[in-house]
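# Architecture at a glance
One-letter residues, chain by chain:
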Amino acid sequence: MVLGMNMQMRQIEDLASFVRDLGSECTTLNIEQNYLVAGSKLGRIKLWEINTGQVKWSLDVDGPISDLEIDEAIYLTASAELHAVNVESGGLEWSKNIEGPSDLIEIDKDIIFVTSSLYEIEIQDYTESTLFKFNKKGELLESIDFEEKAWFMKKNNDEIILGIGRPRCGFLGIDNENKILHNQTKGNSPVNMGIKTNTGFLLGHSDGTITEMNGKVCKYIQCGNDSITAMFSTNISWQVGNSNGSLFSSEGWRVELGGKISSIVETEDYIWVSTISGNTIIHLLDRKNGSIKYQFSHNNEIQLMKLSHYNLAISDEEGKIMFFDTRTLNKRIEAKSDLDQNIDKRNLLKKRLRALRE
């Protein structure tokens, strides 16, 4: 259902199972079992129970919160610190100062990997970065320095993979013995972002290139000429969006949605894509060919979309958190659509009656 210009687009939050407020811009969003966890730019972390929608606890630290992972505890980077938070109580178990702005976090078995980067205002670029290795007691095990800021970090086989910006670009592989191998990518374009896939990882570059790593095989694909701004992968397929509103699928199709693509997720029924160009629009696309099935509006820019099984959470720049159960979503869409059609019919009838009186 693609709406005409004269029809009012429905609000996406009308379809949500519940809507909550974080208080400021949402910077991290995670779903784990029956928990929904969000962190904000001002340093607030909240945990809600999905079954009830009730807040279980709230905690404030020095913000902004950069990244957050859930294991037996919640581990998060915020400002210049690494924190461990008790999942049940929300209490701080320990905090460690890493002496620099914290960025990414990755957990692998008993090791917590954290990146920190230094920004030089004079040259308006990042000049120094560090990868820290902590154990789960908060004890520092190793620190590894390199030049570039890391925009992506995940464990892949026996290596930590870091997608990096200038000057070298490409990605770093760091093995268990802390040896660093720099991998150059085609075009020598900075990495903007990345995601882990079932077979390896994807990196998005500022020139529209993506680097697809499957095992040890590296493949380069040009997805337009604009900066990659959103990525999602499920099973063996992926979708990539750019700053000009183009959405590319590994299934071979491409659609033009306009504006900047900020988030993508693929559910059992649809591909969800949020775009911003003056107004925020959430598009629900056909998974086979990318055709638009439904469109919804939102008052603020969408920051994050996270999916876990049938649970979908969406956050925005004002701190609004919307939760959806995708199993009941079609019924909600159809019920709301029928209501809207009845309202449209009544409005049309009123308009005709007014015309007859005149």
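In short, a report on the structure. (Residues numbered from 1 in each chain as written. Predicted model: local features only at pLDDT ≥ 70, side-chain atom pairs only at ≥ 80, totals over all residues. Heavy atoms only, no water.)

What follows deals with the sheet that holds strand β1 (residues 18-21). What links the strands of a sheet is backbone hydrogen bonding, and the strands pair in either a parallel or an antiparallel sense. One open sheet accounts for 4 strands, arranged β1-β32-β31-β30; its pairing is antiparallel. Every interior strand has two partners, whereas the edge strands, β1 and β30 (302-308), have only one. When the angles between neighbouring strand axes are averaged without regard to direction, this sheet yields 15 degrees. Across 6 bridges, the pairing between β30 and strand β31 (residues 311-316) is antiparallel. Within β31, the position partnered with Lys-306 by the bridge is Ala-313. (Pairing = 2+ DSSP bridges. Helix = DSSP H or I, 4+ residues; strand = E, 2+ residues; numbered from the N terminus. Axes fitted to C-alpha atoms, helices over the stretch in contact; angles between N-to-C directions.)

Moving on, we get to the pattern of salt bridges. Pairing of side chains with opposite charge becomes possible as their charged atoms draw close. Taken as a whole and assessed by the stated rule, the structure comprises 15 salt bridges. Glu-106 is the partner of Lys-154 in a salt bridge, and the nearest nitrogen-oxygen pair spans 3.3 Å. Taken together, the residues Lys-154 in strand β14 (residues 150-156) and Glu-106 in strand β10 (residues 102-108) connect sequence positions 48 residues apart. Residue classification places Glu-106 among the buried positions, given a relative accessible area of 8%. Here Arg-168 and Glu-148 are joined by a salt bridge, their closest N and O atoms 2.7 Å apart. With a gap of 20 residues between them, Arg-168 in the loop between β15 (159-164) and β16 (171-174) and Glu-148 in the loop between β13 (140-146) and β14 connect regions that are remote in the sequence. On the accessibility criterion, Glu-148 (0% relative accessible area) is buried. Through salt bridges that share partners, Glu-49, Lys-56 and Glu-88 make up one connected network. (Salt bridge = Lys/Arg side-chain N within 4 Å of Asp/Glu carboxyl O. Buried < 20%, exposed > 50% of the residue type's maximum accessible area, 1.4 Å probe, protein only.)

The antiparallel open sheet is built from 4 strands, whose spatial order is β14-β15-β16-β17. Each edge of the open sheet carries a strand with a single partner, namely β14 and β17 (180-183). With strand direction ignored, the average angle separating the axes of adjacent strands in the sheet is 20 degrees. One ladder, built from 4 bridges, connects β16 with β17; its direction is antiparallel.

Relative to the helices and strands, Asp-103 is located in strand β10. Residue classification places Asp-103 among the buried residues on the basis of a relative accessible area of 12%. At 2.6 Å, the side chain of Asp-103 and the side chain of Ser-117 are in polar contact. Setting aside residues up to four positions removed in sequence, Asp-103 forms contacts with Ser-66, Asp-67, Thr-77, Thr-115, Ser-116, Ser-117 and Lys-149. (Polar contact = N/O pair within 3.5 Å; in protein donor to acceptor, adjacent residues only side chain to side chain. Contact = heavy atoms within 4.5 Å.)

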